[in-house]
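# Working through the structure, step by step
One-letter residues, chain by chain:
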Amino acid sequence: MKAETKDVFRQWLQIIVGCMITAAGLILLGHAHVVTGGTAGLALSLSYLLPIGYQNLFMLLNVPFFVFSYMKMGPSFTLRTAIAISLLFLFTSADHWLGEFSLPALGGSFAGGSIVGFGVCVLIKNGASLGGSSILALYLQRRYSMDPGQMLFAFDCAVLLTGLSSLSLADCLISGVSIVMTSGIVSLYKGKLTFVRRFREKQKPATTAA
């Protein structure tokens, strides 16, 4: 029991760290005035157009995905995802304390996208996600063994198109760098996401001795 308690503590500690890493990446993207993918990127893009804060938009956009997650991924995964999203909401709110600063668009897109990618990997490895397209990507990986990085890339490219309403074509292309970095890192480390492997092992039919 003690070992199990340590495993649970370690898992939640890593989820918290994953949320902190992702929040740092999103803050960099925001100050570089670029967008990223998923519901996080969609919320960031819409925040440039609507009089609603990024955090509130992010929470609202994830509501329908929770229903899908509960039905297809199970209550435990959904709970961890809900807590991860809440933590991300809290950590990104710290941006108000950082003051105004700006980053070069290309450098911010590269750095922010890379950091978000690593944060997402940490969350997936510990049985959580940031909702939205990441839930769909994980479901497709577990159900059909599809590359989650490629799925995220496809979803995120669609999100990037929404940025055309608030960003120039050049800015959208620069923002695409963040999508390439995030999805590329997830794709690169897909084989090391142990939570996914455990899920697959549970789905294998039990063999009986002849």
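Residues numbered from 1 in each chain as written. Predicted model: local features only at pLDDT ≥ 70, side-chain atom pairs only at ≥ 80, totals over all residues. Heavy atoms only, no water.

## Digging into the pattern of salt bridges
- For the coordinates displayed, the defined rule picks out one salt bridge.
- Among the salt bridges present, the one from Asp7 reaches Arg10, with a minimum N-O distance of 2.9 Å. Pair noted here: Asp7 and Arg10 are both in helix H1 (residues 2-31), with a separation of three residues, about one helical turn.
- Judged by relative accessible area, which is 44%, Asp7 ranks as partly exposed. (Salt bridge = Lys/Arg side-chain N within 4 Å of Asp/Glu carboxyl O. Helix = DSSP H or I, 4+ residues; strand = E, 2+ residues; numbered from the N terminus. Buried < 20%, exposed > 50% of the residue type's maximum accessible area, 1.4 Å probe, protein only.)

## What to know about a nonpolar patch on the surface
- Among the surface-exposed residues, Tyr48, Leu49, Leu50 and Ile52 lie close enough to one another that they form a single nonpolar patch of about 310 Å² accessible area.
- Tracing the chain through its elements places Leu49 in the loop between helix H2 (38-47) and helix H3 (54-72).
- In this structure Leu49 comes out as partly exposed when scored by relative accessible area, which is 43%. (Patch = residues over 30% accessible without salt bridge, like charges linked within 9 Å, V, L, I, M, F, W, Y side chains within 5 Å. Areas by Shrake-Rupley, 256 points an atom, 1.4 Å probe, with all protein chains shown as cover.)

## Details of the layout of surface pockets
- Roughly 470 Å³ of internal volume is contained in the largest pocket.
- Around the largest pocket sit 17 residues that line it, and Gly30, His31, Leu44, Tyr54 and Asp95 are the ones nearest its centre.
- Those elements giving two or more residues to the lining of the largest pocket turn out to be H1, H2 and H3.
- In terms of residue count, the dominant contributor to the lining of the largest pocket is H1 (four residues).
- Of the residues that constitute the lining of the largest pocket, the class distribution is six nonpolar, nine polar and two charged. (1 Å grid on protein atoms, 1.4 Å probe; cavity = no way out; pocket = protein on both sides within 12 Å on 5 of 7 lines; lining within 4 Å. Points joined across faces, edges and corners; volume = space filled by probe spheres on them. Nonpolar A, V, L, I, M, F, W, Y, C, P; charged D, E, K, R; others polar.)

## Re the UniProt feature "transmembrane region" (unreviewed entry) in the protein
- Taking the UniProt record as the reference, the feature "transmembrane region" (unreviewed entry) is found at residues 12-32, 52-70, 77-94 and 114-139.
- Along residues 12-32, the helical share is 95% and the strand share 0%, with 30 Å between the first and last C-alpha atoms.
- Spanning residues 52-70, this segment combines 89% helix with 0% strand, and its end C-alpha atoms are found 27 Å apart. (UniProt positions renumbered as here; feature names shortened; annotations may be inferred.)

## Some details on the packing of H1 against helix H4 (residues 75-92)
- Two elements in contact, H1 and H4, have axes separated by 9 Å at closest approach and are oriented at 45 degrees. Between H1 and H4, the interaxial angle falls into the category oblique. The element H1 and its partner H4 pack so that their crossing is right-handed. Residues Gln11, Trp12, Ile15, Ile16, Cys19, Met20, Thr22, Ala23, Leu26 and Ile27 of H1 pack against Arg80, Ile83, Ala84, Leu87, Leu88, Phe91 and Thr92 of H4.
- Its residues assigned to classes, the contact of H1 with H4 shows 13 nonpolar, three polar and one charged. (Axes fitted to C-alpha atoms, helices over the stretch in contact; angles between N-to-C directions. Parallel < 35°, antiparallel > 145°, perpendicular 65-115°, else oblique. Left-handed = near helix turned anticlockwise from the far one by under 90°. Contact = heavy atoms within 4.5 Å.)

## Some details on the packing of H3 against helix H6 (residues 133-144)
- Packing of H3 against H6 brings their axes to within 10 Å, and their N-to-C directions diverge by 25 degrees. In this view, H3 runs roughly parallel relative to H6, as classed from their interaxial angle. Note on packing geometry: the crossing formed by H3 with H6 is left-handed. Residues Phe65, Phe68, Ser69 and Lys72 of H3 pack against Ile135, Leu136 and Tyr139 of H6.

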